[in-house]
Protein chains: 2
Amino acid sequence: MAYSYWKSGKKADRSVFDLYFRKNPFHGEFTVFAGLEECLKFIQNFSFSESDVNYLKTVLPANVEEEFFEYLRTLSTDDVEIYAIDEGEIVFPKVPLIMVEGPLPVIQLIETPLLNLVNYASLVATNAMRFRNAVKPGTTLLEFGLRRAQGPDGGLSASRYCYMGGFDGTSNSLAGKMFGIPVRGTHAHAFVTSYYSLDEVTNKKLKKKNSEEEVDFVELCLQWQQKLTSVIDFLADQVIPGELAAFISYAQAFPDNLLSLIDTYDVFRSGLPNFCTVAMALFDCGYKAVGIRLDSGDLAYQSIHVRKVFKKIASHFSVPWFSDLIIVASNDINEDTIHSLNQQGHEINSFGIGTHLVTCQKQPALGCVFKLVEVNNKARIKLSEDVEKVTIPGRKIGYRLYGSDGHALVDLLNQQHETPPEIGKRTLCRHPFQESKRAYVNPASMKVLHKIYYKHGKIQQRLPTLSDLRERAMKSLIPIREDHKRALNPTPYKVSVSSNLYKFIHDLWLESAPIGELS
Amino acid sequence: MAYSYWKSGKKADRSVFDLYFRKNPFHGEFTVFAGLEECLKFIQNFSFSESDVNYLKTVLPANVEEEFFEYLRTLSTDDVEIYAIDEGEIVFPKVPLIMVEGPLPVIQLIETPLLNLVNYASLVATNAMRFRNAVKPGTTLLEFGLRRAQGPDGGLSASRYCYMGGFDGTSNSLAGKMFGIPVRGTHAHAFVTSYYSLDEVTNKKLKKKNSEEEVDFVELCLQWQQKLTSVIDFLADQVIPGELAAFISYAQAFPDNLLSLIDTYDVFRSGLPNFCTVAMALFDCGYKAVGIRLDSGDLAYQSIHVRKVFKKIASHFSVPWFSDLIIVASNDINEDTIHSLNQQGHEINSFGIGTHLVTCQKQPALGCVFKLVEVNNKARIKLSEDVEKVTIPGRKIGYRLYGSDGHALVDLLNQQHETPPEIGKRTLCRHPFQESKRAYVNPASMKVLHKIYYKHGKIQQRLPTLSDLRERAMKSLIPIREDHKRALNPTPYKVSVSSNLYKFIHDLWLESAPIGELS
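Residues numbered from 1 in each chain as written. Chains lettered and ligands numbered in written order. Predicted model: local features only at pLDDT ≥ 70, side-chain atom pairs only at ≥ 80, totals over all residues. Heavy atoms only, no water.

Caption draft 1: Seen up close, the pattern of salt bridges. Enumeration according to the criterion identifies 74 salt bridges over all chains in this entry. A salt bridge links Asp-411 of chain A to Arg-400 of chain A, with the nearest nitrogen and oxygen atoms 2.7 Å apart. Highlighted residues: Asp-411 of chain A in strand S17 (residues 408-415) and Arg-400 of chain A in strand S16 (residues 396-402), separated in sequence by 11 residues. When its relative accessible area of 2% is taken as the criterion, Asp-411 of chain A is described as buried. Arg-400 of chain A gets classed as buried once you look at its relative accessible area, which sits at 1%. The shortest N-O distance in the salt bridge between Asp-336 of chain B and Lys-362 of chain B comes to 3.6 Å. Of this pair, Asp-336 of chain B sits in helix H13 (residues 335-344) while Lys-362 of chain B sits in the loop between helix H14 (355-358) and strand S14 (368-375), and the two are 26 residues apart along the sequence. (Salt bridge = Lys/Arg side-chain N within 4 Å of Asp/Glu carboxyl O. Helix = DSSP H or I, 4+ residues; strand = E, 2+ residues; numbered from the N terminus. Buried < 20%, exposed > 50% of the residue type's maximum accessible area, 1.4 Å probe, protein only.)

Here it is, written out as structure tokens:
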């Protein structure tokens, strides 16, 4: 395409493209916009290296003129302008996330990279936020998805944008190192099965907290095992000794951070008693355990029963903190699992989520599109038999209008040079395609959605840190009404156009559509 | 985990892990093994940089001993051994794809990267091969997925492994440059809508093929438009002039490669007539057009009708090659779409597939696992209430046994030092978990599945090129019986264990499982 534009003298044609999506993902009615920073950095660095040009020479037809390759060599994005919504903002269908303006061939060359950088980022950030909305307040959400992502860098994108969407940490250390995301993790089943007896704990000592005194920690654990049998009802000869050895070793390595995976053999006969044994022994040495992880079985039932056991110990030994130990659940959890757990009742404080989060199993692509809306100041419309696929032509600017109770009422698209809506003044908001759908809106406050982000080869706005973006995403969701956010059958949020833009769309539509002939 | 192993004196414990999956993806009964080369290169280069170690110091608890970081600094994979199935081979559940042997902490540190590199690679290669099996022989399959992949590198993985699984090309130029995959593409709708009139074709000339003679190509096209109206039944005043201008420009740039997207406005009233017009004018100048692309609507009906029009022109103007022009279809195609098109009948020669291919919409994760099967020469078994999740303990070696008609009969896992099965000699093959399922197999030929791939810090086998791997994958599928490969309700392929291994599994199982108590 670029060569063809170049050859037909269109290399300087000034074009405007909108990047947007047509439908919110996951049967929801909101989306988190993510990926803008990566887009801007890509655009700023976009150029063809000598080796790129040489490669293209080998794959393009032999008749392609040498001057075109010269053009590629010197191509830059200095003439490109980017208007965009702030990254992390809640966004809706049809409102351009990014509006890209510049020479036609340049913009078409960056089309696919921009789609690539926005699509997955926004999809997975939205997925993360849906998990955040699904869990009870105060729940810790951990992203455990690296093993299921599209390669190592797919995994990094997943960690980055899940954090932006409201997760609290990742098990991907490189993502922690690169993006400052808190890293979290527990141990695996293999850690437990790699031990088979207490004899393997060769160094039996543990130093007491803030003291030089060392105790025989294995001995102390065995004493606690005896004390606990009657309190929480298990048989000391039924617990798996390898599992106890594994928990003891872990506690010796991380006395302040014991979090044990308790389902390797049998949660109630072995895992839970072994954990409580080691946790109480640790407490004798001045350390508090963190909690347990469940990775199989009936998570609702198990978590409730585990909590009961924790409370029993708390009360019997007067260790109130034991009631509040953390219960982490993992095992192939998706959004529906969480809703179902909430309905059943459970005692889970933290979820580790992998596959369904990073692959976005429910809908693995957002379906962003990149549509031409103007060339050389002439608006362009793309018609389709499916009305929802008709594009909104020309340069635009978006506003979010809020009611007096602080809730977002509607997003409004104006033509670029129209008078903006005014606070306290009635504005007619129209459905872009359906004539009869319109409403007067009297905004109590409003926000301009689109800002200039790139011009003269430079990024024009300060780019927030990842944790600022995460905060922005969370804040941006607050004014969105509950009925738009709920998981089941949410109400669509209204996206409208001004009267002027409505007329402009429909005049151009009639002008462009061939009149059918029936015979 | 690594610190805990290190601290409890297990840093040199010799462990063996199996990497395998439990279920073929996409309701199918075969999988293409991919990602081995990336795993081997990762293992060979695995080490902690000074900055990695410094980062880990900031996130690990303060009590972690300095000597552990020294250990990380000098950690290498020289003691690691990898046995694996050849990349590109067809594989089945429970048979280890990779068997990793080495010091316990080292192996656990590389667990997630290996899963990451195998999971998506094998999943998407398998998906690609399913598309390959679904289409008619001779169909060209093009991967158009970059915009929907998990970031730029997710897109590269997709292109690489789709090609391995049997695709013919990609629209991702960087994948072409890096892996030598043929790059293919057409133009977008925006290319068509960016033109609005024939006046935009400023240079109207085209040089005839193998000649210096230049013709007024626009004029020639308009002549052909007149000639064609009666033959293929359209109205010259109903075709969209911008579309014609776009096709003409493309033809001038790529006279040997005209492939037009014909559904921007109206396939039969505008797109198809405009393409035929330009294609016939090109032929006057000595060039043959390539074909058209359909990206919306009823692909079966449209492709059949387009083919009819091509044949009409072929016969009317005595240009037989026109009958065989290529019809490319794109528009959100998945495997089921192709089966449905086949059932309806269609004339499509080539598919461009994006979203459903690279995101593996039907099942976006393969679910490979990495299980400990031995520590310090002691076999390990992981029990589970779900029998399919019980691991097969100890070091193993796999064979594929073939019948006299060349078909693969069964995969057989032996203990590592057992006598291998012999050609022409009855071998008892047992289901690993179900006592009554067993069969004598008399192999006419056989193949050893597992080879040493990494030892003493070095890769031990020649690594084939990507196109060799693609060929291997296609060849490896041939001896698999049709009923294992069919899309609907395929028969599971048998994976079995030797008598010795069967006994070994079940002895260890009984030894490890606690005896329940009913009260």
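That shown, we press on.
Caption draft 2: Fine view of the interface of chain A and chain B. Taken together, the contact pairs 82 residues of chain A with 82 residues of chain B. At the boundary of chain A with chain B, the tally comes to six salt bridges. A salt bridge links Arg-147 of chain B to Glu-111 of chain A; its shortest N-O distance comes to 3.1 Å. At nine residues, the largest contribution of residues to the side of chain A that touches chain B is made by helix H5 (residues 104-134) of chain A. Here the side of chain A that touches chain B is built from residues that sort into 37 nonpolar, 30 polar and 15 charged. (Contact = heavy atoms within 4.5 Å. Nonpolar A, V, L, I, M, F, W, Y, C, P; charged D, E, K, R; others polar.)

Caption draft 3: The domain arrangement of chain A, seen in detail. Parsing chain A into structural domains produces domain 1 (2-129 + 365-393 + 450-493) and domain 2 (186-348). Measuring from the centre of the C-alpha atoms in domain 1 of chain A to the corresponding centre in domain 2 of chain A gives 49 Å. (Domains from an automatic or database assignment.)

Caption draft 4: The nonpolar core, seen in detail. Counting residues in each nonpolar core, the largest one holds 326 residues, and the members touching the most others are Phe-275 and Phe-322 of chain B. Setting aside residues no more than four positions away along its own chain, Phe-275 of chain B makes contact with Phe-247, Leu-258, Ser-260, Ile-262, Ala-289, Gly-291, Ile-292, Phe-310, Phe-322 and Leu-325 of chain B. (Core = buried A, V, L, I, M, F, W, Y, C linked by side-chain atoms within 4.5 Å.)

Caption draft 5: Inspection of the relation of the copies chain A and chain B at higher detail. Superposition record for chain A on chain B: RMSD 0.0 Å, screw rotation 180°, translation along axis 0.0 Å. Seen this way, the second copy is the image of the first under a two-fold rotation axis. Taken together, the interface assignments show that 100% of the residues at the interface of chain A recur at the interface of chain B, consistent with an identical surface on both copies. (Least-squares fit on C-alpha atoms with pLDDT ≥ 70 in both.)

Caption draft 6: Structural context of the sheet that holds strand S12 (residues 326-329) of chain A. Residue and element names in this part refer to chain A. Across the sheet, six strands lie side by side as S7-S6-S13-S12-S11-S10; this open sheet has parallel pairing. Each of the sheet's edge strands pairs with one partner strand only, and the pair in question is strand S7 (169-170) and strand S10 (259-261). Across four bridges, the pairing between strand S11 (residues 291-294) and S12 is parallel. Note that in S12 the partner of Gly-291 across the bridge is Ile-326. (Pairing = 2+ DSSP bridges.)

Caption draft 7: Region of the structure containing the UniProt feature "domain: Nicotinate phosphoribosyltransferase N-terminal" (unreviewed entry) in chain A. Using the residue numbers shown here, the UniProt feature "domain: Nicotinate phosphoribosyltransferase N-terminal" (unreviewed entry) corresponds to residues 1-119 of chain A. With 43% helix and 18% strand, the stretch residues 1-119 of chain A has end C-alpha atoms that lie 23 Å from each other. (UniProt positions renumbered as here; feature names shortened; annotations may be inferred.)

Caption draft 8: Structural detail: the side chain of Gln-252 of chain B. Looking at where Gln-252 of chain B falls in the secondary structure, it is placed in helix H10 (residues 241-253). By relative accessible area, which is 8% here, Gln-252 of chain B ends up buried. Apart from residues no more than four positions distant in its own chain, Gln-252 of chain B is found in contact with Lys-7 of chain A together with Val-201, Asn-203, Lys-204, Lys-205, Leu-206 and Phe-217 of chain B.

Caption draft 9: Quick look at the packing of helix H9 (residues 217-232) of chain A against helix H10 (residues 241-253) of chain A. Residue and element names in this part refer to chain A. Where H9 contacts H10, the axes come no closer than 11 Å and their chain directions differ by 125°. Considering their axes alone, H9 and H10 lie oblique with respect to each other. You can see that H9 and H10 cross each other, and the crossing is right-handed. Across from Phe-217, Val-218, Cys-221, Leu-222 and Gln-225 in H9, the residues of H10 making contact are Leu-244, Ile-248, Ala-251 and Gln-252. In terms of residue class, the contact of H9 with H10 is made up of seven nonpolar, two polar and no charged. (Axes fitted to C-alpha atoms, helices over the stretch in contact; angles between N-to-C directions. Parallel < 35°, antiparallel > 145°, perpendicular 65-115°, else oblique. Left-handed = near helix turned anticlockwise from the far one by under 90°.)

Caption draft 10: Representation of unusual backbone geometry in the model. If you check the backbone angles, Asn-489 of chain A has positive phi at about 45° while not being a glycine. Within the secondary structure, Asn-489 of chain A is located in the loop between helix H16 (482-485) and strand S23 (494-497). In this structure, Ser-318 of chain B takes a positive phi of about 50° despite not being glycine. On the secondary structure map, Ser-318 of chain B appears in the loop between helix H12 (299-316) and strand S12 (326-329).

Caption draft 11: Structural context of the packing of helix H5 (residues 104-134) of chain B against helix H15 (residues 466-477) of chain B. All names here are of chain B. Where H5 contacts H15, the two axes come as close as 12 Å, and the packing angle between them is 60°. Taken together, the axes of H5 and H15 lie oblique to each other. The chirality of how H5 crosses H15 is right-handed. Within the contact between the two elements, H5 uses Met-129, Arg-132 and Asn-133 and H15 uses Arg-470, Ala-473, Met-474 and Leu-477. For the contact of H5 with H15, a count of residues per class yields four nonpolar, one polar and two charged.

Caption draft 12: Spotlight on the packing of aromatic side chains. Inspection of the entire model under this criterion finds 44 aromatic pairs over all chains. Between Tyr-3 of chain A and Trp-6 of chain A, the aromatic rings sit 5.8 Å apart at their centres with planes inclined by 20°, giving stacked as the arrangement. Here Tyr-3 of chain A and its partner Trp-6 of chain A are both found in helix H1 (residues 2-7), three residues apart, which amounts to about one turn of the helix. A single burial state applies to Tyr-3 of chain A and to Trp-6 of chain A, both of which are buried. Centroid distance Trp-224 of chain B to Phe-317 of chain B: 5.0 Å. Interplanar angle 70°. Geometry classified as edge-to-face. Note that Trp-224 of chain B is positioned in helix H9 (residues 217-232) and Phe-317 of chain B in the loop between H12 and S12, a separation of 93 residues in sequence. (Phe/Tyr/Trp six-rings, centres within 6.5 Å; stacked < 30°, edge-to-face > 60°.)

Caption draft 13: Molecular detail of helix H4 (residues 66-74) of chain A. All names here are of chain A. Of all the positions in H4, only Phe-68, Phe-69, Tyr-71 and Leu-72 are classed as buried. An end-on view of H4 places all buried positions within 150° of arc, on one side of the element. Of the surrounding secondary structure, the elements contacted by the buried residues of H4 are H1, helix H3 (50-59) and H5. (Arc of directions from axis to C-beta.)

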